[in-house]
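Inside the fold
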Amino acid sequence: MPATALYLVTAQSLRLDDNPALSAAAREAAHIVPAYIHDDSRPRRLGGAAKWWLHHALADHARDLARAGAPLVLRQGRLLEEVEKLVAETGARTLYLQHDPTPGMQAMEDALHRWAEENGIVCRRFGGHLLFDPVEIRTGTGRPYSVFTPFWRACLELGPRAPIPTPEKLSAPNDMPATLPLEALGLLPKGVDWTGGIAATWEPGEAAAHKRLDHFIEAGLKGYGHDRDYPALEDGTTALSPYLRFGNISPRRLFARLADIAAMEPALAQGAAHVQRELGWREFCWHLAVARPDLATRPIRDDFTTFPWQEPDTSDLKRWQTGQTGFPIIDAGMRQLWQTGWMHNRVRMIVASFLAKDMLTDWRHGEAWFWDTLVDADAASNPANWQWVAGCGADAAPFFRIFNPTLQSAKFDGAGNYIRRFVPELAALPDAHIHEPHKAPSAVLRMAGVTPGITYPLPMLDRTMARERALAAYQARDPLAG
Ligand SMILES: Cc1cc2nc3c(=O)[nH]c(=O)nc-3n(C[C@H](O)[C@H](O)[C@H](O)COP(=O)(O)OP(=O)(O)OC[C@H]3O[C@@H](n4cnc5c(N)ncnc54)[C@H](O)[C@@H]3O)c2cc1C
């Protein structure tokens, strides 16, 4: 049994439960040194909201690890250099880590592996971030899938392996290496603190993930198939995306809990299968990201490489970012994002369609804004979904399907409760007028204290013109490329 092992905690593995790398280290080594190395040279530097989550999830995980018997060591710097130092300090002969499928990480992990081999150290990489290894799911001809339904069918045929329990006990060596204080990693905003709304909305960490799941099973699972499209509903969806992003809960644990519930309570089986299918979309996004490491920068469909996106007018982009477009459902969504670090899926689709199609702005600008402001900002799900909405992605919504924000709003937020929550200046408008305030009769506006163009912006564009412009651009894209 190796005396001491180094277990590398990553920003995707912040949990004790169903953690194959940690469990293997606990089983195989006499002592474990868990270490998180904050390396800003890793591919896709984290955005502001994600850094906030990481800070608090690290604090939570450090408490859990210490309680289990092996306190967390924090370091900052180049991954390989810091591992070298920790190996020298601890005498560890084995390295355990969860594989990070983020594009570009493979090269860093391979370099670590090579260094370990050259120095007589065993480096063991485990899965854990996904239900399946993204490269194990292949079409009949051995290629990656580009269509979701057959992909998910292949996944279900294989079936994810069962989750593994939390290790009973961890044992640290007597002489633990020194750790940096968490604050030294600089994950929280410097200067103006804009995280108040995020802190009021979320409780990062492993126990909070399971608490949220238990609550959702009680309050939301039965109606999920219908309720998931209504952004005003508190428990319409799981709200587990940031927990999955940072590994506070494992997808296999979630999948297995849902399977158990479906078996025990047939009334919940449909909702459970539907949430599992959404997890399938998460898998599909990672499947795409691994097959196409340039997913965040290059359209999957070649006929979009020369698409005539308009260079965005900075003030228009700012109006979209800050929720001042004059389209209430879009402004509610963008303000929810800014205030809470999260946006409902239906509204993500509406605001993304508006940016890419009505504003004809390159989807990469929207993807970058989401990357910086989402607590669940994910290197696969974010670009894959942006490409899906913009029409240039895999199995994508056709470009000519342009969401009408007003109709979407009336359909999915009919009583305007979501709008009232995030656009309070429209709160006193009656339901019939809240989706298009500028068209409300002046007496109604007066009663509600709304003056279009003064207390709430007029629509920033004419949708009929915008729709025609988008369709013309689509027709004019390079037909030879597609
Ligand atoms: C433009 C755009 C950008 C997006 N960016 C991200 C992102 O950065 N990170 C992210 O996790 N999701 C992203 N999504 C997908 C989806 O909006 C969120 O996963 C979902 O809203 C999270 O809420 P939830 O946990 O309550 O979801 P639920 O409805 O409860 O679904 C359960 C889980 O399934 C997964 N899931 C659900 N829908 C999708 C989907 N369309 N694609 C991938 N996984 C999905 C998530 O992990 C989610 O937590 C994006 C969607 C769009 C349209």
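If you check the domain split of the protein, you get domain 1 (4-129), domain 2 (131-163 + 207-291) and domain 3 (302-476). Relative to domain 2, the C-alpha centre of domain 1 lies at a distance of 25 Å. In this assembly, 18 residues from domain 1 lie in contact with 19 residues from domain 2. Together, the buried faces of domain 1 and domain 2 total about 1,600 Å²; carbon and sulfur atoms form 53% of this surface. By the criterion of area lost to domain 2, the three top residues of domain 1 are Asp-18, Trp-53 and His-129, representing 40% of everything that side buries. There are two salt bridges connecting domain 1 and domain 2. A salt bridge links Arg-161 to Asp-18; the shortest N-O distance between them is 3.5 Å. Summed over the shared surface of domain 1 and domain 2, the result is nine residue pairs in polar contact (both at pLDDT 80 or more). Tallying contributions element by element places helix H2 (residues 48-68) first for the side of domain 1 that touches domain 2, with four residues. Here the side of domain 1 that touches domain 2 is built from residues that sort into ten nonpolar, five polar and three charged.

Taken together, 27 residues are adjacent to the ligand, and Tyr-224, Thr-237, Thr-238, Ala-239 and Asn-345 come closest. In this structure, Ala-239 approaches the ligand through a main-chain N or O atom, which is 2.7 Å from an oxygen atom. Within the contact set of the ligand, a nitrogen atom lies 3.1 Å away from a side-chain nitrogen or oxygen of Asn-382. When the free accessible area of the ligand is taken as 810 Å², the share hidden by the protein chains comes to 97%. Of the pockets mapped on this structure, the ligand occupies the largest pocket. Partitioning the shell around the ligand into residue classes produces 15 nonpolar, seven polar and five charged. When we break the shell around the ligand down by domain, the ones giving at least three residues each are domain 2 (131-163 + 207-291) and domain 3 (302-476).

A few words on the layout of surface pockets. Size it by volume and the largest pocket reaches roughly 1,100 Å³. Forming the walls of the largest pocket are 41 residues, and the residues nearest its centre are Arg-228, Glu-278, Trp-281, Asn-345 and Asn-385. If one sorts the elements of the lining of the largest pocket by residue count, helix H11 (residues 269-291) sits on top with eight residues. In the lining of the largest pocket, the residues fall into 24 nonpolar, eight polar and nine charged. Residue-level mapping places the lining of the largest pocket at the junction of two domains, with at least three residues from each of domain 2 (131-163 + 207-291) and domain 3 (302-476). By volume, the second largest pocket amounts to about 490 Å³. Thr-201, Trp-202, Arg-212, Glu-234 and Ala-239 are, among the 21 residues lining the second largest pocket, the residues nearest its centre. The set of elements that each furnish at least two residues to the lining of the second largest pocket consists of helix H7 (206-219) and helix H13 (328-340).

Within the structure shown, the criterion is met by 24 salt bridges. With a shortest N-O distance of 3.1 Å, Arg-420 and Asp-431 are connected by a salt bridge. Here Arg-420 is found in helix H18 (residues 417-422), whereas its partner Asp-431 is found in helix H19 (residues 431-434), with eleven residues between them in sequence. The structure contains a network of salt bridges with shared partners spanning Arg-27, Glu-28 and Arg-124.

About the criteria used
- Numbering of residues begins from 1 in every chain and follows the order in which that chain's sequence is written.
- With pLDDT at 70 or above as the cut-off, local features in this predicted model cover only qualifying residues; side-chain atom pairs require 80 or more to be listed or tallied, and sums for whole chains, interfaces and linings still use all residues.
- In computing side-chain properties, one takes all heavy atoms of the structure into account and sets aside hydrogens as well as water.
- Either an automatic procedure or a domain database provided the assignment from which the domain bounds are taken.
- Contacts are assigned to residue pairs that have any heavy atoms within 4.5 Å of one another.
- Summed over both partners, buried area is the accessible surface (1.4 Å probe) that two parts give up on being assembled.
- Salt bridge, as used here, is a side-chain nitrogen of Lys or Arg placed within 4 Å of a carboxyl oxygen of Asp or Glu.
- In protein, a polar contact means a hydrogen-donor-capable atom and an acceptor-capable atom, both N or O and within 3.5 Å, with residues adjacent in sequence counting only if both atoms are side-chain atoms; elsewhere, any N or O pair within 3.5 Å suffices.
- Helix numbering and strand numbering both begin at the N terminus, where a helix is a DSSP run of H or I of at least 4 residues and a strand a DSSP run of E of at least 2.
- Nonpolar residues are Ala, Val, Leu, Ile, Met, Phe, Trp, Tyr, Cys and Pro. Charged residues are Asp, Glu, Lys and Arg, and all others, Gly as well, are polar.
- The nearness test applies per residue and asks whether one of its heavy atoms lies within 4 Å of the molecule or strand.
- For the accessible areas, the method is Shrake-Rupley and the probe is 1.4 Å, while residue cover comes only from the protein chains on display.
- Buriedness for pockets is judged along seven lines, at least five of which must meet protein on both sides within 12 Å for an open set on the 1 Å grid over protein atoms alone, while cavities are sets there where a 1.4 Å probe fits but cannot get out, and lining residues have an atom within 4 Å of a point.
- By definition, a pocket or cavity contains a molecule when more than half of the molecule's atoms lie within 2 Å of the pocket's grid points.
- Grid points are joined across faces, edges and corners, and a volume is the space filled by probe spheres set on the points.

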